[in-house]
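Given next are the chains, with one letter for each unit.
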There are 2 protein chains.
Amino acid sequence: MKNVCGTSRIAGCQFTLFPMSNQFVEIILTALEEVDTSKVWKDTDDVSTCVRGRIVHIFDVTKAIFLHAAKTGEHVAMSGTFSIGCPGDTDADVYMDETEEPLNKELSASITQQAGCKFALYPLGREDYMDTIYQQIDLSKSRGVTVSGSHYATRLDGDVHAIFHTMQDAFQQAQEEVSHVTMTFTITANSPSNK
Amino acid sequence: MKNVCGTSRIAGCQFTLFPMSNQFVEIILTALEEVDTSKVWKDTDDVSTCVRGRIVHIFDVTKAIFLHAAKTGEHVAMSGTFSIGCPGDTDADVYMDETEEPLNKELSASITQQAGCKFALYPLGREDYMDTIYQQIDLSKSRGVTVSGSHYATRLDGDVHAIFHTMQDAFQQAQEEVSHVTMTFTITANSPSNK
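Computed from a prediction, not measured in an experiment: that's the story for all the values here.

1. Observations regarding the overall build of chain A
Along the backbone of chain A there are 5 helices and 8 strands. In chain A, the succession of α and β elements from N to C terminus is β-α-β-β-α-β-α-β-α-β-β-α-β. Relative to a compact globule of 195 residues, whose C-alpha radius of gyration would be 16 Å, chain A shows 16 Å and is just as compact. Each principal axis of the C-alpha atoms in chain A carries an extent, and together these give about 45 × 35 × 30 Å. Across the 195 residues that make up chain A, the buried fraction comes to 59%. Accessible surface, chain A as shown: approximately 7700 Å² in total, 48% of it carbon and sulfur.

Here you go:
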């Protein structure tokens, strides 16, 4: 087993945007155009989009893409996995020299959007991983989101900014304790189930 | 930390079906109606559907729901996480007394559908987890699917039956070695990118 834990802090997210609409192509392309992705490496194929770089930019870009799609008013969802510290990862395809300033902060801040989200944190390679998971579930209780349990995931309801803030905090803090961390999420907005 | 590893082999999947169509409600409801879910526990909310029970039925049901949605010809996708052996899991909401015979085998077999899929396997609580991951990536090379690497995931292309068969094998074998295993996937069919 290769073990380069701790030597590489390239973060990434493999995600897919799902507009439940006949206009899905336009919604996806417009969101990708409106969002400034110049501080991350990005690759899109027919299954998903992968972005890589600093944690702050990975979350800035995924949140902005979701918000720009949701503001169309269509029922949209996004599923993905954030990852950091995989021992099998390479140094390729990464923009780690960028400054910390997120590029989409202002544009995203202008969009208010309620959403529901389920996420799960997976600290890998550690026998005490459940402790890290329980700590993060506790943490998320105080961030302006409603937290509830479900099988295999923690549910967050609230404003999209608060949801992504909670997930970013959980991911950030878990990766400070455990080298290889992944975090899955599915977030949905404008569902007719909620109207 | 609670540790009940090995005492519970209830499998589950938290997944969402995404039809990229104005008819998304009808497509989801029709797929859920046509698929026989009587051998699994099932709960659906506005974010996702959770099914729990034996491994064979979890895969039978998720594959059948995807196939029935895909046969509409619309661009449809499904994202989810399979899970087994979580130390925080309960004995609730489970149908473990069902026989092994999958209920949707014949109906699913009548549907032929090409798809692309990315999946990732996460064996938890073990320092040697990368060995299990590498073994399963090797395994999937010989199952009638085209296997390719991507950041954070393994890509499978081929018939939906072969894709789910490969994922079920990887999950089944990983959980024989490691008590707590999760496996994420995103599968997509009828994408206009492929036309």
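2. A word on unusual backbone geometry
With a phi close to 60 degrees, A:Asn190 is a non-glycine residue in the positive phi region. Mapping A:Asn190 onto the fold places it in the segment after β8 (180-189).

3. Observations regarding the side chain of B:Gln113
All names here are of chain B. Note on placement: Gln 113 falls in the loop between α3 (105-109) and β5 (114-124). Residue classification places Gln 113 among the buried positions, given a relative accessible area of 10%. Among the polar contacts made by the side chain of Gln 113, one reaches the side chain of Asn 190 at a distance of 3.1 Å. Contact partners of Gln 113, with chain neighbours within four places excluded, come to Leu 67, Ala 70, Lys 71, Gly 158, Asp 159, Val 160, Ala 189 and Asn 190.

4. With respect to the relation of the copies chain B and chain A
Screw-axis analysis of chain B against chain A gives a translation of 0.0 Å along the axis, an RMSD of 0.0 Å, and a rotation angle of 180 degrees. The transformation just described matches what one would write down for a two-fold rotation axis. Interface overlap between copies is the fraction of interface residues in one copy that are interface residues in the other; for chain B against chain A it reaches 100%, indicating a shared surface.

5. Some points on the packing of helix α1 (residues 24-34) of chain B against helix α2 (residues 55-70) of chain B
All names here are of chain B. Where α1 meets α2, the axes come as close as 9 Å, and the angle between the chain directions of the two elements is 130 degrees. One finds that α1 runs oblique with respect to α2. α2 is crossed by α1, and the crossing has right-handed handedness. Touching Ile 27, Ala 31, Leu 32 and Glu 34 of α1 are Ile 65, His 68 and Ala 69, all from α2. Here the contact of α1 with α2 is composed, by residue class, of 5 nonpolar, 1 polar and 1 charged.

6. Considering the sheet that holds strand β6 (residues 146-150) of chain A
Residue and element names in this part refer to chain A. Strand order across the open sheet formed by 8 strands is β2-β3-β1-β4-β8-β5-β7-β6, with antiparallel pairing between neighbours. A strand with exactly one partner marks an edge of an open sheet, and here the two such strands are β2 (41-44) and β6. With direction set aside, neighbouring strand axes in the sheet form an average angle of 20 degrees. The pairing of strand β1 (residues 11-19) with strand β3 (residues 49-53) spans 5 bridges and is classified as antiparallel.

7. Quick look at the pairing of β5(B)
Residue and element names in this part refer to chain B. Counting buried residues along β5, 10 of its 11 residues qualify, which places the element largely inside the surrounding structure. Both β5 and strand β7 (residues 153-159) contribute to a ladder of 6 bridges, which runs antiparallel. Within β7, the position partnered with Ala 115 by the bridge is Gly 158.

8. Description of the UniProt feature "binding site: thiamine" (unreviewed entry) in chain A
All names here are of chain A. Feature annotation in UniProt assigns "binding site: thiamine" (unreviewed entry) to the following positions: Leu 17 and Thr 49. For this annotated set, covering 33 residues, all C-alpha atoms fall within 8.5 Å of each other, a compact arrangement in space. Along the polypeptide, Leu 17 turns up in strand β1. Every residue in contact with Leu 17, bar those within four places of it in the chain, is listed here: Ile 28, Ala 31, Ile 65, Phe 66, Ala 69, Ala 77 and Met 78. Structurally, Thr 49 is set in strand β3.

9. Regarding the sheet that holds strand β3 (residues 49-53) of chain B
All names here are of chain B. Pairing is antiparallel in the open sheet, where 8 strands are placed in the order β2-β3-β1-β4-β8-β5-β7-β6. Edge strands, defined here as strands with exactly one partner in the open sheet, are β2 (41-44) and β6 (146-150). Taking the axes of each pair of neighbouring strands and ignoring which way they run, one obtains an average angle of 20 degrees across the sheet. Bridge count between strand β4 (residues 76-84) and strand β8 (residues 180-189): 9 bridges; the pairing is antiparallel.

10. Details of the UniProt feature "domain: Thiamin/hydroxymethyl pyrimidine-binding YkoF putative" (unreviewed entry) in chain A
Per the UniProt annotation, the sites labelled "domain: Thiamin/hydroxymethyl pyrimidine-binding YkoF putative" (unreviewed entry) are residues 10-89 and 114-194 of chain A. For residues 10-89 of chain A, the end-to-end C-alpha separation is 9 Å, with 34% helix and 34% strand making up the annotated structure.

11. Examining the pattern of salt bridges
Between side chains of opposite charge, a pair can form when the charged atoms approach closely. Taken as a whole, this structure holds 14 salt bridges over all chains when the rule is applied. Salt-bridge contacts for A:Asp157 lead to A:Arg155; the nearest nitrogen and oxygen are separated by 2.7 Å. On the basis of relative accessible area, A:Arg155 is assigned to the buried category, the value being 11%. The partner of B:Glu100 in a salt bridge is B:Arg54, and the shortest N-O contact between them spans 2.7 Å. Linking B:Glu100 in the loop between β4 and α3 with B:Arg54 in the loop between β3 and α2, this pair joins segments that are 46 residues apart in sequence. Put simply, A:Asp45, A:Asp46, B:Lys118, B:Arg155 and B:Asp157 are held in one network by salt bridges that share partners.

12. Describing the pairing of strand β5 (residues 114-124) of chain A
For β5(A) and β8(A), the ladder comprises 9 bridges, and the chain directions are antiparallel. Directly across from A:Leu124, in β8(A), lies its bridge partner A:His180.

Rules behind the numbers
Residues numbered from 1 in each chain as written. Chains lettered and ligands numbered in written order. Predicted model: local features only at pLDDT ≥ 70, side-chain atom pairs only at ≥ 80, totals over all residues. Heavy atoms only, no water. Helix = DSSP H or I, 4+ residues; strand = E, 2+ residues; numbered from the N terminus. Rg over C-alpha atoms; globule rule 2.2 N^0.38 Å. Buried < 20%, exposed > 50% of the residue type's maximum accessible area, 1.4 Å probe, protein only. Areas by Shrake-Rupley, 256 points an atom, 1.4 Å probe, with all protein chains shown as cover. Polar contact = N/O pair within 3.5 Å; in protein donor to acceptor, adjacent residues only side chain to side chain. Contact = heavy atoms within 4.5 Å. Least-squares fit on C-alpha atoms with pLDDT ≥ 70 in both. Axes fitted to C-alpha atoms, helices over the stretch in contact; angles between N-to-C directions. Parallel < 35°, antiparallel > 145°, perpendicular 65-115°, else oblique. Left-handed = near helix turned anticlockwise from the far one by under 90°. Nonpolar A, V, L, I, M, F, W, Y, C, P; charged D, E, K, R; others polar. Pairing = 2+ DSSP bridges. UniProt positions renumbered as here; feature names shortened; annotations may be inferred. Salt bridge = Lys/Arg side-chain N within 4 Å of Asp/Glu carboxyl O.

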